[in-house]
Amino acid sequence: MDNKQISRRAFILGGIGLIAYLYYDLYSIAIKQYTIAINNLPKDFEGFTILHLTDLHAKQYGDKQDKLLKIINRQSFDMIAMTGDFIDKNNPDAEPTLSLVRGLSSNPIFFVPGNHEWRHDFSIKPLLADYGVKILENKKFKYAKGNSYIWIVGVDDPYLRRDNLGEALDGIADSQPRVLLAHAPNIFPAASMSNIQLVLVGHTHGGQVRLPIVGAVVAPGQGFFPKYDYGQFTAGSTNMIVNCGLGESLLPIRFYNRPEIVLVKMVGAITA
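Residues numbered from 1 in each chain as written. Predicted model: local features only at pLDDT ≥ 70, side-chain atom pairs only at ≥ 80, totals over all residues. Heavy atoms only, no water.

> Just to check I follow, could you spell out unusual backbone geometry for this structure?
Negative phi is the rule for most residues except glycine; trans is the rule for most peptide bonds. Look at D121: it is not a glycine, yet its phi comes out positive at around 55 degrees. Topologically, D121 is positioned in the loop between α4 (115–118) and α5 (125–130). Unlike most non-glycine residues, N138 shows phi in positive territory, near 60 degrees. Residue position: N138 is located in the loop between β5 (134–135) and β6 (139–145). (Helix = DSSP H or I, 4+ residues; strand = E, 2+ residues; numbered from the N terminus.)

Shown next, in the form of structure tokens:
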């Protein structure tokens, strides 16, 4: 076998390997877990776990989302946070999202809209409400468990500057545990100034294309090598978790960046 044949075979095998890896990164769902210490967390909420889902972009994981639901339903959690862009500007089909909601209906679901929902005037809103999804557009919800409660706070999309955190927090004491749901991470400075201890966001897709050590190459609204691309960010007592999401935008490609579901367990902060 001459060198040309070897080079051609290596090129073909390399191409097959790359395609297989890209397909794996598109459809192999990761499970990411975080534990966040919360000041003044009531004992009834010790270990309270939130399933965080974001940025589906109308993507299908099997018939009626059965592959995704199979993975989710093996996990243990208390409530579900959905932080926008479940439909896509080029595909407003609500059924991928509604199939997911139907499969998750045994747990409380909270939803905040993203920029892609607003591309279609948030037309999915009444459909979600029909399934009992609690939609938080600059609003709050008093989540009771036993004799205690925490606040679930949601703002409209910060990327489109529709958020009003002050309105959402109105009437809540700073000392009370608050979980903030938002679509985009540019809510982080305001959340930190308000001493919100847990913030759950999406929007960035983790950059879709990531490089080892470097991280995301680009993210919407942040440009190249974004600051808040993926993972956990901390400022003072505020922890923000950026979920890389389940779907893709613009191009159906991911690299070094699998789609994911996120589980966030809250525990009481240890005080001296």
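> Explanation requested: helix α3 (residues 95–103) in the structure shown.
Given 3.6 residues to a turn, an α-helix orients residues that are three or four positions apart in the same direction. Every buried residue belonging to α3 is among P96, T97, L98, S99, L100 and V101, and all of these are buried. Looking at the buried residues of α3, the elements they touch are β2 (49–53), α2 (66–72), β3 (79–82), β4 (109–111) and α5. (Buried < 20%, exposed > 50% of the residue type's maximum accessible area, 1.4 Å probe, protein only. Contact = heavy atoms within 4.5 Å.)

> Sorry, what's going on with the sheet that holds β5 here?
Strand pairing in a sheet is mediated by backbone hydrogen bonds. Such pairs are either parallel or antiparallel. The 6 strands lie next to each other as β1-β16-β2-β3-β4-β5, forming an open sheet whose pairing is mixed. Here the strands that pair on one side only, and so sit at the sheet edges, are β1 (30–38) and β5. (Pairing = 2+ DSSP bridges.)

> I tried to follow the environment of N115 on my own but got confused; where do I start?
Examined against the element boundaries, N115 turns out to sit in helix α4. Classification of N115 by relative accessible area gives buried; the value is 12%. Sequence spacing of N115 and G84 is 31 residues, and the spatial spacing of their C-alpha atoms is 7.6 Å. Setting aside residues up to four positions removed in sequence, N115 forms contacts with D85, D157, Y159, L160, H183 and H203.

> Mind showing me how you'd approach the pairing of strand β15 (residues 238–242) here?
For a regular strand, side chains alternate in direction, first toward one face of the sheet and then toward the other. The element β15 is extensively covered by neighbouring structure, given that 5 of its 5 residues are classed as buried. The side-chain alternation of β15 yields two buried faces, one formed by T238, M240 and V242 and the other by N239 and I241. In terms of strand pairing, strand β9 (residues 198–201) meets β15 through 4 bridges, oriented parallel. The partner of L200 across the bridge, within β15, is I241. Here strand β14 (residues 231–235) runs beside β15; their pairing, made up of 5 bridges, is antiparallel. By the bridge assignment, Q232 is partnered in β15 with I241.

Geometry only, nothing functional implied.
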